[in-house]
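Next come the chains, spelled out residue by residue.
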Amino acid sequence: MAALELNVFTGTVEFRTVPFDHPDAVKLIDAVQQEYVTRYGDPDITPVDPVEFAPPGGIFLVGYAEGTPAVCGGWRAHDDPEPPLAPGDAEMKRLYVVPAMRGRGFARRMLAELERSAREAGRTRMVLETGEKQPEAIALYRSSGYETMPKFGVYANEPLSLCLAKTL
């Protein structure tokens, strides 16, 4: 497992590359799915295969703070996608910070680490799908240079869906 220690605004987080189905990743993914249920009434139904998040075609990271899993996120490559996705895209999934650790800059640090790792893997653009009921996420992405792109995936026709992209 690769480890990278970053000093964050009010704390320290250690990022580790883990399998998508690692117990700590599963715990955080379950929590973000519950967040979607709370905000939208249902979990995210986007098809996800854990293999997609294994290097070199993807990555999944868990950030540990104070010895516990605090933040997660990953990306998966799209090399033969249907428009509006393009070859070289990396799709971000499951960026999440546990409520007790929010406000420490962990999401911004995770976002930067995901972008860095995707760029190093040869990805040229990061894309993502989020929803209008996640204003905190939208603010993070917008302030990090993400711009609206045409909708894609299972939520392409969903009015509350918002797709964003950033050139790496």
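Model, not experiment: these values are computed from the prediction.

Colleague: Tell me about the confidence of the model for the protein chain, and name the residues and values.
Modeller: Predicted coordinates in regions of low pLDDT should not be interpreted in detail. On average, residues of the protein chain score 94 in pLDDT, and 94% of them reach the 70 mark or higher. Counting contacts from residues 1–9, a segment whose pLDDT is below 50, to residues more than four positions away or on other chains yields 30 contacts.

Colleague: Go over the packing of helix 2 (residues 106–120) against helix 3 (residues 135–143), please, and point to the residues and values.
Modeller: Between helix 2 and helix 3, the shortest axis-to-axis distance is 11 Å and the interhelical angle comes to 50°. By the angle between their directions, the pair helix 2 and helix 3 is classed as oblique. Handedness of the helix 2/helix 3 crossing: right-handed. On helix 3, the residues that touch Ala107, Arg108 and Leu111 of helix 2 are Leu140, Tyr141 and Ser143. For the contact of helix 2 with helix 3, the residue count by class is four nonpolar, one polar and one charged.

Colleague: Tell me about the nonpolar core, residues and numbers included.
Modeller: Across soluble globular proteins, nonpolar side chains have a tendency to be buried as a group. Ranked by size, the top nonpolar core spans 41 residues in total, and within it Phe60, Met92 and Tyr141 carry the most contacts. Ranked by residue count, the leading element in this core is strand 3 (residues 58–65), at six residues. In contact with Met92, other than residues within four places in its own chain, are Gly74, Trp75, Leu111, Leu114, Met126, Val127, Leu128, Tyr141 and Tyr146. Of all hydrophobic cores here, the second largest spans six residues; its members include Val127, Met149, Phe152 and Ala165.

Colleague: Which residues make up the packing of aromatic side chains, and what values go with them?
Modeller: Throughout the structure, instances matching the rule amount to four aromatic pairs. Plain terms: the ring middles of Phe20 and Phe53 are 4.6 Å apart, the flat faces sit at 15° to each other, and that makes the pair stacked. Linking Phe20 in the loop between strand 2 (11–17) and helix 1 (23–40) with Phe53 in the loop between helix 1 and strand 3, this pair joins segments that are 33 residues apart in sequence. Note on Phe20: relative accessible area 11%, which makes it buried.

Colleague: Describe the pattern of salt bridges, naming the residues involved and giving the relevant values.
Modeller: Counting across every chain of the model gives 14 salt bridges. In this structure, Lys93 and Asp44 form a salt bridge, with 3.0 Å as the shortest nitrogen-oxygen distance. On the criterion of sequence distance, the pair formed by Lys93 in strand 5 (residues 89–97) and Asp44 in the loop between helix 1 and strand 3 is long-range, its members being 49 residues apart. Residue Arg125 is joined to Asp89 by a salt bridge in which the shortest nitrogen-to-oxygen separation is 2.7 Å. Pair noted here: Arg125 is in strand 6 (residues 125–131) and Asp89 is in strand 5, with a separation of 36 residues, a long-range link. The exposure class assigned to Asp89 is buried, which follows from its relative accessible area of 1%.

Colleague: How would you sum up helix 1? Please name residues and give values.
Modeller: Helix length check: helix 1, at 18 residues, gives a terminal C-alpha distance of 25 Å against a target of 26 Å (1.5 Å per residue), a fit within 8%. The inward-facing, buried residues of helix 1 abut strand 3, strand 4 (68–78) and strand 5. The positive-phi residue at the C-terminal boundary of helix 1 is Gly41, with phi of around 95°.

Colleague: Now, about the environment of Arg123: what can you tell me, with residues and values included?
Modeller: Inspection of the secondary structure assignment puts Arg123 in the loop between helix 2 and strand 6. In this structure, the C-alpha to C-alpha distance between Arg123 and Pro87, residues 36 residues apart in sequence, is 8.6 Å. Discounting residues that sit within four places of it in the chain, Arg123 has contacts with Trp75, Ala77, His78, Asp79, Gly88, Asp89, Ala90, Ala118 and Leu168. Polar side-chain contacts of Arg123 include one of 2.8 Å to the side chain of Asp79. From its side chain, Arg123 meets the backbone oxygen of Asp89 in a polar contact 3.2 Å long.

Each value, and the rule that gives it
- Throughout this description, residue numbers start from 1 for each chain and increase along the sequence as written.
- Residues qualify for local features only when their pLDDT is at least 70, as the model is predicted, and side-chain atom pairs are given and counted only at 80 or more; totals for whole chains, interfaces and linings, by contrast, use all residues.
- For the side-chain quantities, the full set of heavy atoms in the structure was used; hydrogens and water were omitted.
- One confidence number per residue, pLDDT, is output by the predictor and ranges from 0 to 100.
- Throughout, a residue-residue contact means that at least one pair of heavy atoms, one from each residue, lies within 4.5 Å.
- Lines fitted to C-alpha atoms define the axes, with helix axes restricted to the stretch in contact, and inter-axis angles between N-to-C directions lie between 0 and 180 degrees.
- Put simply, DSSP marks the helices as runs of H or I at least four residues long and the strands as runs of E at least two long, and each gets a number from the N terminus on.
- An angle counts as roughly parallel when it lies under 35 degrees, as roughly antiparallel when it exceeds 145, as roughly perpendicular when it falls between 65 and 115, and as oblique in every other case.
- Each crossing gets its handedness from the near helix: less than a right angle anticlockwise from the far helix is left-handed, clockwise is right-handed.
- In this classification, Asp, Glu, Lys and Arg are treated as charged, Ala, Val, Leu, Ile, Met, Phe, Trp, Tyr, Cys and Pro as nonpolar, and every other residue, Gly included, as polar.
- Only buried Ala, Val, Leu, Ile, Met, Phe, Trp, Tyr and Cys residues count toward a nonpolar core, and they belong to the same one when joined by side-chain atoms within 4.5 Å.
- For the exposure calls, accessible area comes from a 1.4 Å probe over protein chains only, and a residue counts as buried if that area is under 20% of its type's maximum, exposed if over 50%, partly exposed in between.
- Each Phe, Tyr or Trp ring, with Trp reduced to its six-membered ring, pairs with another whose centre is within 6.5 Å; inter-plane angles below 30 degrees give stacked pairs, above 60 give edge-to-face pairs, and intermediate values give tilted ones.
- When a carboxyl oxygen of Asp or Glu lies within 4 Å of a side-chain nitrogen of Lys or Arg, that pair is called a salt bridge.
- By definition here, a helix of n residues has an expected span of 1.5 Å times n minus one.
- Under the rule applied, a polar contact is a pair of N or O atoms within 3.5 Å (in protein, one hydrogen donor and one hydrogen acceptor; residues adjacent in sequence only if both atoms are side-chain atoms).

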